[in-house]
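Structure at a glance
Listed below, chain by chain, are the residues.
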Amino acid sequence: MKGVFIGLGSNLAEPMAQIHSAIEAIDLLDDVSVVSKSSLYSSPPMGPQDQPDYINAVIEIDTTLFAHKLLDQLQEIEQQQGRVRQRHWGERTIDLDLLIYGGNTLEDERLNVPHPGIALRSFVLHPLAEIAPDLIIPTLGAMQELLKNCPLDGLQRID
Ligand code: ROI
């Protein structure tokens, strides 16, 4: 199934390298292949301001994994890359968020998909728009409409 999107973020321990190795690790998973990658972006932190800027990106994958199984695998990659959560909304080595799982909506203790932050976070919405400009997101609506209400807020495309 295509139309599965993952958001990546890092602001510790060589963030660009963290993003690249996470994408590689995701592509190496059984039953997952990366079909599209956004550029890398730098963004000022949302949350405490006394932390480094983030590097963010969004990828699309093609997968046969169920959402929870995929989440398990993403969390394993976070652990392998030494993720530590130092404080709420604080700095992190790597954050992998399951943003969209095709046309599905999922809501339980572990997953809220589509991710409720998509439309509110420029560092998620704009990279997503780069690779899926015509996307209609379940519960949130049309990408081009969402973009109208989401200023860049300091987001900058790298490359
Ligand atoms: N801020 C930015 N700019 N990028 C992120 O990926 C990010 N991730 C987070 C919080 C702490 C909310 N802030 C962020 O989890």
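The preceding data block contains the structure.
The notes below deal with the structure included here. (Residues numbered from 1 in each chain as written. Predicted model: local features only at pLDDT ≥ 70, side-chain atom pairs only at ≥ 80, totals over all residues. Heavy atoms only, no water.)

**Focus on the site of the ligand**
All residues in the neighbourhood of the ligand are listed as G9, S43, P44, P45, M46, Y54, N56, W89, R92, D95 and F123. Between the ligand and P44 there is a distance of 2.8 Å, counted from a nitrogen atom to a backbone nitrogen or oxygen. When the residues that make up the shell around the ligand are grouped by side-chain class, the tally is six nonpolar, three polar and two charged. (Near = heavy atom within 4 Å. Polar contact = N/O pair within 3.5 Å; in protein donor to acceptor, adjacent residues only side chain to side chain. Nonpolar A, V, L, I, M, F, W, Y, C, P; charged D, E, K, R; others polar.)

**Observations concerning the pattern of salt bridges**
Considering all chains together, one arrives at seven salt bridges under this definition. Put simply, R87 and E91 hold a salt bridge, and the shortest N to O gap is 2.8 Å. A relative accessible area of 11% places E91 in the buried class. Measuring nitrogen to oxygen at the nearest pair gives 2.9 Å for the salt bridge that ties K148 to E145. Placement of both K148 and E145 in helix α4 (residues 143-148) is noted, with a separation of three residues, approximately one turn of the helix. Three or more residues are tied together by salt bridges with common partners; here these are E78, R83, R92 and D95. (Salt bridge = Lys/Arg side-chain N within 4 Å of Asp/Glu carboxyl O. Buried < 20%, exposed > 50% of the residue type's maximum accessible area, 1.4 Å probe, protein only. Helix = DSSP H or I, 4+ residues; strand = E, 2+ residues; numbered from the N terminus.)

**Brief notes about helix α2 (residues 67-80)**
Spanning 14 residues, α2 covers 20 Å between terminal C-alpha atoms, matching the ideal 20 Å at 1.5 Å per step. All of the buried residues in α2 are A67, L70, L71, Q73, L74, I77 and E78. All buried residues of α2 project into a common sector of 165° when viewed along the axis, lining one side. The exposed set on the far side of α2, more than 90 degrees from its buried face, consists of Q79 and Q80. Buried residues along α2 sit in contact with β1 (4-10), α1 (15-28), β2 (32-37), β4 (54-63), β5 (95-101) and β6 (106-107). Following α2 by one or two positions, G82 has its phi on the positive side, about 75°. (Expected span 1.5 Å × (residues − 1). Arc of directions from axis to C-beta. Contact = heavy atoms within 4.5 Å.)

**Regarding the pairing of β4**
On a regular strand, each side chain points to the face opposite its neighbour's, so the side chains alternate between the two faces of the sheet. With nine of its ten residues buried, β4 lies for the most part within the structure. Here seven bridges tie β1 to β4, and the two strands are oriented antiparallel to one another. Considered in β4, the bridge of V4 is made with I61. Of the pairings in the sheet, the one linking β2 to β4 comprises five bridges and is antiparallel in character. Across the sheet, the residue bridging to S36 is E60, located in β4. (Pairing = 2+ DSSP bridges.)

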